[in-house]
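Architecture and fold: a report
Chain residues, written in single-letter form:
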Amino acid sequence: MHDLEAILLSVALMITVVSDIIRFPLLKQDRGSRFFVELLIGYSLYLGIASLVLLAQKQILFYPQWLVRLLWIVHFLSIPCLLAMWMHFNALNVITDEHLVNRLTLVHMIPLLILIIVAIADIPRQRFYPITEGFVDLTPNAGTYSFLILSFFFCLAMILPTLGHRNELPGSLLFISLLMPIVFIISLIMFAMRKTCMLFTMVNTFMLVLQYVVGQRDSIRTDALTGLPAYSLLHRKLMRIYNFRAQYTIVLLDIENFRYFNARHGTVLGDAMLVAFSEFLKTLVHVNEVFRFSDDQFCLCIPQQQSVSIDILAQKIRSRLEQPWLLGQEQVYIQVNMAMVNIPSNASSLDELFQAMKQLAFDVKSVHGRTMLVYTRQSSIEHQHTMNILSALRDSVRKPEQVCVHYQPIIEVATGKMVAAEALMRIRDVNLGFLQPSQFIPLAEHTNLIIPLTRILFSKVCRFEKLVEETTGYPLHISVNLSGKEFSSKSLAKALLEQMEAETVDPALISFEITESVVLHSYDAVAGMMDELSKQKIAFSLDDFGSGYSNLQALMKLPYTYVKFDKSVLEGAQSNPTMLRLLTVMLHELGKCIVAEGVETEEELALVRSMGIERVQGFYYSKPVSPDALMDLLRSKTWW
Ligand code: C2E
Ligand code: MG
Ligand code: MG
């Protein structure tokens, strides 16, 4: 191949790359990708000058003497200039600190500038760069040596940072970054020996095409928003970790309630938040150790022999989260949940790891910033059990017959008669058997399945209410538990009233139990709904009173008819009844009717009675029973 053919081929390839960029703009918008375009322009200029020189060499074109000299010098200088651009491009890809890259490039530019000034100043006198007839010879003199030495120096300046950062670079980038200076050095040696820049031209073209292909391929695997490697690259990294039997800790970070963040602040701020958080993560670990796992989840892959301990890392993340994030004009806070798995000790194969990651991605949502969730094989068994319960809950929503309601009588202390019953949910699953609330209520709340399940329970309660009245001739007052999640739907009150209307149940026979924590978390929603339903004569109970921090203001403001003492209040009162007495006096002052929960013994009942508490609910009288069993109790009339 001759010089002219090499140039023509290069021009054709450059036109292909440029037209491809015009049709499919570069996906990655980082500094390196932008500089790639500048490099393309620089190389196109080089090709233009090289072809003009070549056309004169082949005596196809004839120029005046001054133009010949100028072209010759520019052609010579274009080689170190191009190499300086390659060096800068390589540094942008290899070194993360952009300021450092700029400083390094500036320092490297000084000898190049001196060379350019000297070479241009030399045009009239021709001492530094003697020009031979027809551009054919490269005489060994000061100009030639300095130009070659500077070019080799730029190649060396590509190798050193690459070697320095070799541990952080992805395999393909490391390979290209090392290949590039080596092939440039070979082409320079050929240039010095053969006096033809054909190989240099071809190497440039080849490297540009290779960079373009690899860059585009990697940009598909890079998250466009944060610039972090995406899931597919994580997959590859994990495969490598297993192949090399390396020991790593995989940390999963989940921004809590990010959907809510987006809804509240808008997606523009949401995106800015994700970028800011990913930038923060990049400061904690090496660049190739942080990945975007999903929309609001990030993943760190940290070698276990690395000096930074996971505890310190978690501490750094927590301390940062205590500070606000400044996004534009706004200051925002986020909560991040963390989970980790050690490989290969806790997941010995890629399959097992992906299973663990899937589990962590689900479980981490319920950590609520408390501690780092640690994956172990035991937690995997528990997770499997949780998943089984979850599928039982989903099944129950489709098959309402699986949702069972048990009723626990509420007794009037003075008369020993049943005055009401609390409806308590159970799930009957073919595989798991009979599930108690403690096994499924938190999960049902977490997944929002509690909403359809309560609807099913409530319609069963309404039907039972009718049945009791028809069978015994007496109406039964039933209380139903509502969970916090149900207050997120605005139409709750409307839906409950509609259900009562459809079953023709008197709203005065229904009461709802709401726990304190629900009131504290969604005060406005609870207050609005209570207001609306109270107008329909529906009563409310404050459930589990005394089990946590009590908000007396909420207690006074909201229209509760009943306050149910948690079982723990009665237990505490056995040794010291003062608290129970004070609470009872206060609630009576407020005009509330008290129900003592968890009464199991004669002594407890006596204590409750001595305090003047109106109602009790507990195993002393009855455990929660099936609707049939309750009906039998009601029919026997002993409690009426
Ligand atoms: P809760 O609303 O405070 O219901 C009372 C719980 O105390 C019931 O447990 C009942 O069996 C238990 N209990 C009653 N008397 C005694 C006693 O003397 N000794 C002892 N040790 N326990 C007693 P259960 O049925 O397991 O329900 C537990 C919790 O699950 C309920 O506490 C309630 O918070 C929740 N839950 C139950 N059903 C539903 C439901 O339909 N919807 C919602 N959102 N939560 C429900
Ligand atoms: Mg209750
Ligand atoms: Mg309770």
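Look up a bit, the structure's there.
Residues numbered from 1 in each chain as written. Chains lettered and ligands numbered in written order. Predicted model: local features only at pLDDT ≥ 70, side-chain atom pairs only at ≥ 80, totals over all residues. Heavy atoms only, no water.

**Thoughts on the overall build of the protein**
When helices and strands are tallied, the protein shows 23 helices and 16 strands. Over its C-alpha trace the protein gives a radius of gyration of 38 Å, far above what one expects of a compact globule, namely 26 Å for 640 residues. Based on the C-alpha atoms only, the size of the protein along its principal axes is roughly 125 × 50 × 45 Å. Considering the protein as a whole, with its 640 residues, one finds that 48% of them fall into the buried category. Nonlocal contacts in the protein, meaning residues at least 24 apart in sequence, comprise 71% of its contacts between residues at least 6 apart. (Helix = DSSP H or I, 4+ residues; strand = E, 2+ residues; numbered from the N terminus. Rg over C-alpha atoms; globule rule 2.2 N^0.38 Å. Buried < 20%, exposed > 50% of the residue type's maximum accessible area, 1.4 Å probe, protein only. Contact = heavy atoms within 4.5 Å.)

**Examining the site of ligand 1**
Around ligand 1 sit 23 residues in total, of which Glu 422, Asn 481, Asp 543, Glu 600 and Phe 619 are the nearest. The separation between an oxygen atom of ligand 1 and a polar side-chain atom of Glu 422 is 2.9 Å. At 3.0 Å, a side-chain N or O of Asp 544 approaches an oxygen atom of ligand 1. Burial of ligand 1 by the protein amounts to 81% of the accessible area it has alone, namely 800 Å². Looking at the shell around ligand 1, the elements that each hand over two or more residues are β9 (417-429), α14 (437-446), α15 (450-472) and β13 (539-545). Broken down by class, the residue content of the shell around ligand 1 amounts to ten nonpolar, five polar and eight charged. (Near = heavy atom within 4 Å. Polar contact = N/O pair within 3.5 Å; in protein donor to acceptor, adjacent residues only side chain to side chain. Areas by Shrake-Rupley, 256 points an atom, 1.4 Å probe, with all protein chains shown as cover. Nonpolar A, V, L, I, M, F, W, Y, C, P; charged D, E, K, R; others polar.)

**Remarks on the pairing of strand β6 (residues 336-343)**
Burial analysis of β6 places seven of its eight residues in the buried class, the great majority of the element. Sheet topology note: the strand β1 (residues 248-255)/β6 ladder contains eight bridges and is antiparallel. Note on β6: the bridge partner recorded for Ile 250 is Val 341. Where β6 lies against strand β7 (residues 372-374), three bridges are found, and the strand directions are parallel. Note on β7: the bridge partner recorded for Ala 339 is Leu 373. (Pairing = 2+ DSSP bridges.)

**Considering the pairing of strand β8 (residues 403-412)**
Counting buried positions along β8 gives nine out of ten residues, so the element sits mostly inside the fold. Between β8 and β9, which pair antiparallel one after the other, the connecting turn spans four residues, and Gly 416 there sits at a positive phi close to 75°. Looking at chain direction, β8 and strand β16 (residues 615-617) are connected through two bridges and run antiparallel. Within the sheet, the bridge partner assigned to Ile 411 lies in β16 and is Val 616.

**Notes on the coordination of the magnesium ion (ligand 2)**
In this structure, Glu 422 (OE), Asn 481 (OD1), Glu 513 (OE) and Asp 543 (OD) serve as the protein donors to the magnesium ion (ligand 2), at separations of 2.0 to 2.2 Å. All donors of the magnesium ion (ligand 2) belong to a single chain; written as a sequence motif, their spacing is E-x58-N-x31-E-x29-D. Here the magnesium ion (ligand 2) and the magnesium ion (ligand 3) are spaced 4.1 Å apart, with Asp 543 acting as a shared donor. Taken together, the residues Glu 422 in strand β9 and Glu 513 in strand β12 (residues 510-515) connect sequence positions 91 residues apart. Residues Glu 422 and Glu 513 agree in their burial class; the two are buried. (Donors = N, O, S within 2.8 Å, 3.2 Å for Na, K, Ca; no water.)

**Notes on helix α12 (residues 350-363)**
The end-to-end C-alpha distance of α12, which contains 14 residues, comes to 19 Å, matching closely the 20 Å that a straight helix rising 1.5 Å per residue would cover. Inspection of α12 places Leu 350, Leu 353, Phe 354, Ala 356, Met 357, Gln 359, Leu 360, Ala 361 and Asp 363 among the buried residues, and these make up the whole buried set. (Expected span 1.5 Å × (residues − 1).)

**A look at the sheet that holds strand β2 (residues 290-294)**
Read across the sheet, five strands follow the order β2-β3-β1-β6-β7 without closing on themselves; strand pairing throughout is mixed. The open sheet has two free edges, formed respectively by β2 and β7, since each of these has just one partner strand. Sheet twist, expressed as the mean angle between neighbouring strand axes with direction ignored, is 25°. The strands that helix α8 (residues 231-243) touches are β1, β2, β3 (297-303) and β6; relative to β2, the one it contacts most, it runs at about 120°. (Axes fitted to C-alpha atoms, helices over the stretch in contact; angles between N-to-C directions.)

**Digging into the packing of α8 against α12**
It is the contact of α8 with α12, at a shortest axis distance of 10 Å, that shows an interaxial angle of 135°. Relative to α12, α8 is oriented oblique. Of the two elements, α8 crosses α12, and the hand of that crossing is right-handed. Along the contact surface, α8 presents Tyr 231, Leu 234, His 235, Leu 238, Met 239 and Tyr 242, while α12 presents Leu 350, Leu 353, Phe 354 and Met 357. For the contact of α8 with α12, the residue count by class is nine nonpolar, one polar and no charged. (Parallel < 35°, antiparallel > 145°, perpendicular 65-115°, else oblique. Left-handed = near helix turned anticlockwise from the far one by under 90°.)

**Some thoughts on unusual backbone geometry**
Here Ile 343 and Pro 344 are connected by a cis peptide whose omega angle stands at 5°. Within the fold, Pro 344 resides in the loop between β6 and α12. Phi is positive for Arg 245, close to 50°, though the residue is something other than glycine. Structurally, Arg 245 can be placed in the loop between α8 and β1.

**What about the pattern of salt bridges?**
In the structure shown here, the tally under the stated rule is 13 salt bridges. Salt-bridge contacts for Glu 503 lead to Arg 463; the nearest nitrogen and oxygen are separated by 3.7 Å. Of the two residues, Glu 503 sits in the loop between α16 (492-502) and β12 while Arg 463 sits in helix α15, which places them 40 residues apart along the sequence. On the basis of relative accessible area, Glu 503 is assigned to the partly exposed category, the value being 22%. For Arg 463, a relative accessible area of 46% corresponds to the partly exposed category. Ionic contacts of the salt-bridge type, sharing partners, join the residues Glu 422, Glu 513, Lys 564 and Glu 597 into one network. (Salt bridge = Lys/Arg side-chain N within 4 Å of Asp/Glu carboxyl O.)

**Considerations on the coordination of the magnesium ion (ligand 3)**
The magnesium ion (ligand 3) binds to the protein through Asp 543 (OD), Asp 544 (OD), Glu 597 (OE) and Glu 597 (OE), with metal-donor distances spanning 2.0 to 2.7 Å. Spacing between the donor residues of the magnesium ion (ligand 3) along their common chain follows D-D-x52-E.

**Topic: α14**
A turn of α-helix holds 3.6 residues, and therefore any two residues three or four places apart point the same way. Among all positions in α14, only Phe 440, Leu 443 and Ala 444 are buried. Seen along its axis, α14 keeps its buried residues to an arc of 105°; they face one direction. For α14, the elements touching its buried residues are α12, α13 (377-398), β9, β10 (433-435) and α15. Trailing α14 by a residue or two, Asn 448 shows a phi angle of about 70°, which is positive. (Arc of directions from axis to C-beta.)

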